[in-house]
Amino acid sequence: MGFHEIHGKIWNWSSMGLGTSSWKDTLILTMYLLLVLYVGLRALSRDRSTIKGFFLADQNLTWWLIGASLFAANIGNSHFIGMAGIGASSGITIGAFEWNTIFMLLILGWVFVPIYIKAGVVTLPEYLRKRFGSIRLQVLVSILAIFIDVICRILVEICYGAMFLKIAWDLDAYQIILILLAIAGTYTVTGGLAAMIYTETLHATIMLFGSTVLMVYAFGKVGGYKQLQHNYIYAIPGKISEGNWTAKSKCYIPHSNAFHLFLSSSSGDFSWPELIFGATTLSLFYGSADQVSVLRALAGKNISHIKIGFILYGYLKLLPMFLVVMPGMISRTFYPDQVACVVPSECEKHCGAKHSCSPVAYPRLVISLLPTGLQGLMLAAVCATIISSLTSAFNSISALFTMNIYTWLRPRASENELMITARFFIISLLATAIIWIPITETAYSEKLFEYMLMTRSCLTPPITALFILAVFSKRVNEEGAFWGLSFGIMIGFCRMLPELIYGHRTCEDQKCPQPFCSIRYLYFSMPLLVVSLISMLVISFFRHPIPEIHLHRLCWSLRKSQDERVDLDQDRTWKRLPRFPATPTMFRHSQSYFWEALQLYFGLEPQLKSTVTPKKASKEINATEEKVEATRKRKYSDALEGEEDVEQHDISEDSVVLDQGELSGKRKATKEKVEHTKRGGMLENSSMKRVISASGTILITLVVLGHVYFA
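So, a few notes on the structure that sits alongside this text.

Thresholds applied
Residues numbered from 1 in each chain as written. Predicted model: local features only at pLDDT ≥ 70, side-chain atom pairs only at ≥ 80, totals over all residues. Heavy atoms only, no water. Helix = DSSP H or I, 4+ residues; strand = E, 2+ residues; numbered from the N terminus. Buried < 20%, exposed > 50% of the residue type's maximum accessible area, 1.4 Å probe, protein only. Contact = heavy atoms within 4.5 Å. Areas by Shrake-Rupley, 256 points an atom, 1.4 Å probe, with all protein chains shown as cover. Disulfide = S-S within 2.5 Å. Phe/Tyr/Trp six-rings, centres within 6.5 Å; stacked < 30°, edge-to-face > 60°. Expected span 1.5 Å × (residues − 1). Axes fitted to C-alpha atoms, helices over the stretch in contact; angles between N-to-C directions. Parallel < 35°, antiparallel > 145°, perpendicular 65-115°, else oblique. Left-handed = near helix turned anticlockwise from the far one by under 90°. Nonpolar A, V, L, I, M, F, W, Y, C, P; charged D, E, K, R; others polar. Core = buried A, V, L, I, M, F, W, Y, C linked by side-chain atoms within 4.5 Å. Polar contact = N/O pair within 3.5 Å; in protein donor to acceptor, adjacent residues only side chain to side chain. Bend = angle between axes of the 7 residues up to and from the residue. Salt bridge = Lys/Arg side-chain N within 4 Å of Asp/Glu carboxyl O.

### Quick notes on the overall build of the chain
On a plain count of helices and strands, the chain comes out with 28 helices and 2 strands. Across the 711 residues of the chain, 56% fall into the buried class. Sequence-distant contacts in the chain: of pairs separated by 6 or more residues, those separated by 24 or more amount to 84%. For the chain, the exposed surface amounts to about 30,300 Å²; the carbon and sulfur share of it is 62%.

### Re the state of the cysteines
Among covalent bonds in proteins, the disulfide is the one between the sulfur atoms of two cysteines. Using the criterion set out here, one finds 1 disulfide in the structure. Between the sulfur atoms of Cys341 and its disulfide partner Cys347 the distance amounts to 2.2 Å. Across the S-S bond of Cys341 and Cys347 the torsion is about 120 degrees, and the bridge reads as right-handed. Owing to a relative accessible area of 5%, Cys341 belongs among the buried residues under this scheme.

### Focus: the packing of aromatic side chains
Applying the stated criterion across every chain, the model contains 21 aromatic pairs. Judged by centre distance (6.3 Å) and plane angle (80 degrees), the ring pair of Tyr225 and Phe710 falls under edge-to-face. A residue pair is termed long-range when its members are at least 10 positions apart, and Tyr225 in helix H10 (residues 225-233) and Phe710 in the segment after helix H28 (686-709) qualify at 485 residues. Accessibility assignment for this pair places Tyr225 and Phe710 in one class, buried.

### Things to note about the environment of Tyr38
Take Tyr38: it is sitting in helix H2 (residues 23-42). Judged by its relative accessible area of 52%, Tyr38 is exposed. Expressed as a C-alpha distance, the spacing of Tyr38 and Thr199, which sit 161 residues apart in the sequence, is 9.1 Å.

### Description of helix H5 (residues 77-90)
For H5, with 14 residues, the first-to-last C-alpha span of 19 Å sits near the 20 Å given by 1.5 Å per residue. For H5, a buried count of 13 out of 14 residues is recorded, marking the element as mostly surrounded by other parts of the structure.

### Some words on the packing of helix H4 (residues 63-74) against helix H9 (residues 173-222)
Packing of H4 against H9 brings their axes to within 8 Å, and their N-to-C directions diverge by 65 degrees. Taken together, the axis directions place H4 and H9 in an arrangement best described as roughly perpendicular. Along this stretch, H4 crosses H9, giving a crossing that reads as left-handed. Only Ile197, Tyr198, Glu200, Thr201, His203, Ala204, Met207 and Leu208 of H9 make contact with H4, whose side of the interface consists of Trp64, Leu65, Ala68, Ser69, Phe71, Ala72 and Ala73. A breakdown of the residues in the contact of H4 with H9 according to their chemical character gives 11 nonpolar, 3 polar and 1 charged.

### Some points on the packing of helix H22 (residues 478-502) against helix H24 (residues 521-541)
Where H22 meets H24, the axes come as close as 8 Å, and the angle between the chain directions of the two elements is 155 degrees. The orientation of H22 with respect to H24, classified from their angle, is roughly antiparallel. As for how H22 packs across H24, the hand of that crossing is right-handed. Contacts between H22 and H24 involve Glu479, Gly480, Ala481, Trp483, Gly484, Leu485, Phe487, Gly488, Ile491, Gly492 and Arg495 from the first element and Tyr521, Phe524, Leu528, Val531, Ser532, Ser535, Met536, Ile539 and Ser540 from the second. Across the contact of H22 with H24, the residue classes break down as 11 nonpolar, 7 polar and 2 charged.

### Quick notes on the nonpolar core
Nonpolar side chains tend to gather and get buried jointly when the protein is soluble and globular. Grouped together as the largest cluster of nonpolar side chains are 206 residues, with contacts concentrated most on Tyr127 and Ile154. Element by element, the count of residues in this core is highest for H9, at 24 residues. Apart from the residues lying within four places of it in its own chain, the contact partners of Tyr127 are Ile115, Tyr116, Ala119, Val121, Phe467, Ala470, Val471 and Leu554.

### Here we look at the side chain of Arg153
Mapped onto the elements, Arg153 comes out in helix H8 (residues 135-169). Residue class for Arg153 comes out buried when judged on its relative accessible area of 8%. In this structure the side chain of Arg153 is engaged in a polar contact, spanning 3.2 Å, whose partner is the side chain of Asn74. Excluding its chain neighbours within four sequence positions, the residues that come into contact with Arg153 are Ala73, Asn74, Ile148, Tyr286, Asp290, Val292, Ala393 and Arg456.

### So, helix H21 (residues 448-472)
The terminal C-alpha atoms of H21, which comprises 25 residues, lie 35 Å apart, in line with the 36 Å expected from a rise of 1.5 Å per residue. The sharpest bend along H21 reaches about 40 degrees and sits at Thr460, with the proline Pro461 one to four residues further on. Counting buried positions over the 25 residues of H21 gives 24, a clear majority of the element.

### So, the side chain of Glu98
Note on placement: Glu98 falls in helix H6 (residues 96-119). Overall, Glu98 belongs to the buried group, its relative accessible area being 8%. Those residues in contact with Glu98 that sit more than four places away from it in its chain are Ile75, His79, Met83, Lys317 and Pro320.

### Things to note about the pattern of salt bridges
Pairing between side chains becomes possible if they bear opposite charge and their charged atoms approach one another. For the structure on display, the rule yields 10 salt bridges. Across the salt bridge formed by Arg153 and Asp290, the nearest N and O atoms sit 3.3 Å from each other. Here Asp290 lies in the loop between helix H12 (272-286) and helix H13 (291-298) and Arg153 lies in helix H8, a separation of 137 residues in the sequence. Per residue, the accessibility class of Arg153 equals that of Asp290, and both read buried. The shortest N-O distance in the salt bridge between Glu417 and Arg410 comes to 2.4 Å. Note on Arg410: relative accessible area 41%, which makes it partly exposed. Salt bridges sharing common partners tie together Asp149, Arg153 and Asp290.

Here you go:
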């Protein structure tokens with residue numbers, strides 16, 4: 001089936017026939033959405049008129065906010081629909097993808113984030129500009145990151161969210177998605193990351209509670225884990241043939257080793273090389289170059305809170321195996337004719353799809369097991385995943401565009417202009433999301449989760465290679481980084497496009513030409529990473545290296561350097577105009593109420609006087625400045641009184657200049673010290689180190705034991 005034929009065919013996902021939302025469910029959902037709106041608008045009291053306030057929540061997030069928001073931002077309906085569906089058809093291996101990510105998250109918190117913090121950036125492409133002094137590299141990575149987030153976060157989440165609501169409750173996709181986007185946009189556009197963090201914490205709570213309730217109901221009905229192992233093997237659909245056609249046995253008979261992680265290449269959809277090499281390559285991207293995760297880390301209060309936040313997120317990443325994957329398998333044991341259908345006419349009858357109904361596994365379990373009221377709770381959890389995934393993507397993409405692409409187009413833009421641009425770009429993303437809702441009814445929706453994995457497998461390895469070498473290799477220069485990245489992306493697109501054109505492989509056939517699609521995408525990701533690394537290194541060795549004076553605290557080997565760094569981009573016109581100070585005379589003439597309300601909503605209202613009480617840091621700066629001024633006057637006065645000739649006068653002036661320079665250096669050091677103290681310090685105290693070490697060790701032990709137990 002060609003590309004034009006796929007788009008000409010519509011698969012109308014239909015309701016399972018049991019989804020009726022009672023007034024109790026509607027009331028629970030309404031109350032939850034109002035609570036989300038209240039929490040989001042409550043965050044408007046925080047600073048949101050600056051880049052630091054809007055994109056980094058004033059860098060004041062505590063560990064529990066970081067961990068909960070990371071979980072809510074990265075767990076969406078792609079898990080409830082896609083991951084549960086793959087679990088129903090293939091077994092528990094897909095759950096190990098989440099476990100592999102845990103190791104890379106620890107690498108992110110311990111290795112990459114401290115480097116990014118010392119670079120003083122908001123987005124990852126900004127780090128590349130500082131590291132290589134390259135605008136073209138910054139813009140290219142920004143465009144790639146936006147493309148990946150739009151496809152793998154916004155599009156996938158809207159498709160799966162609308163599919164879940166349609167299948168389970170037969171709700172109109174346009175109406176419910178419009179309502180959710182309106183609520184999300186209300187506080188995201190004006191509140192920035194701070195509003196998102198608090199609402200995402202609420203979303204994480206309701207997601208965990210709702211999915212845990214469903215898991216308890218499911219395991220209680222199936223009879224426990226041992227009974228699930230027994231029943232799953234016999235979960236075979238009743239109809240496997242139609243006319244002269246009979247489905248292949250591998251398409252409907254569950255794998256005998258479905259409860260093991262490390263499968264051979266012939267016995268499972270995700271073999272052990274794909275799990276070890278392919279999944280690890282994808283996880284490396286989240287451990288080094290994912291803007292959504294890094295943005296929350298950069299907003300942390302200090303390095304201790306950042307590390308504990310990642311550890312908390314790691315503990316939460318252990319749960320999808322039990323909260324999502326295994327309930328999907330339980331659903332197959334209860335409803336094999338629906339979830340495991342292989343005959344096209346049967347699949348169309350049960351869910352409206354043609355090839356497979358495995359995506360309905362989790363929604364089918366929700367509407368069949370949970371009573372009225374608890375279904376409303378799960379409906380709220382589904383809406384929570386839609387909102388949290390979309391808002392995190394909106395904020396991340398807005399930061400990438402505003403701080404990298406728009407500043408490239410308008411390098412002299414003021415901070416107010418950037419804030420307005422960021423908000424209007426989010427509004428444009430909201431409009432784009434609405435336009436994409438019809439894609440939920442195309443043929444791509446059946447294998448959307450695997451298309452998402454394929455896109456990441458083909459496009460993220462070169463970006464991962466770039467950030468790994470940028471941090472760990474001083475020898476890599478701008479030419480090697482740019483052309484090596486371009487070469488890797490070109491190879492990735494050559495692998496991805498044929499599968500999109502000819503269609504994803506199914507159990508029955510493979511229409512994609514073998515030269516292009518003979519290697520599965522998860523196998524392909526590791527060689528692509530290696531090729532990208534080698535190409536960047538080889539090209540760099542033929543060009544001049546970057547002097548170390550430009551790399552202090554931007555590379556791992558120079559992370560503790562105290563030498564002054566000379567930025568490679570200091571001669572470029574990338575400095576923004578300062579914010580215009582607000583004075584009473586500027587606002588003497590009253591503006592319209594609408595304009596004032598708009599400024600208030602966007603957080604751009606004039607601040608005529610500070611409402612923050614001066615703290616010890618500010619007093620220290622002021623005292624230092626007063627000391628410098630007093631010393632300068634005293635030295636100059638003494639020099640004038642004691643001068644007897646021109647030579648002596650020149651000597652006194654020289655001493656004044658030297659003393660003033662020394663005091664100016666002290667003042668600069670004091671300001672750096674204050675800025676260092678403002679983030680709570682980068683060093684952990686001994687008790688905090690012990691807590692971090694103990695909790696991290698326990699987490700790694702649990703991950704290893706999980707792999708060993710399910711091996």
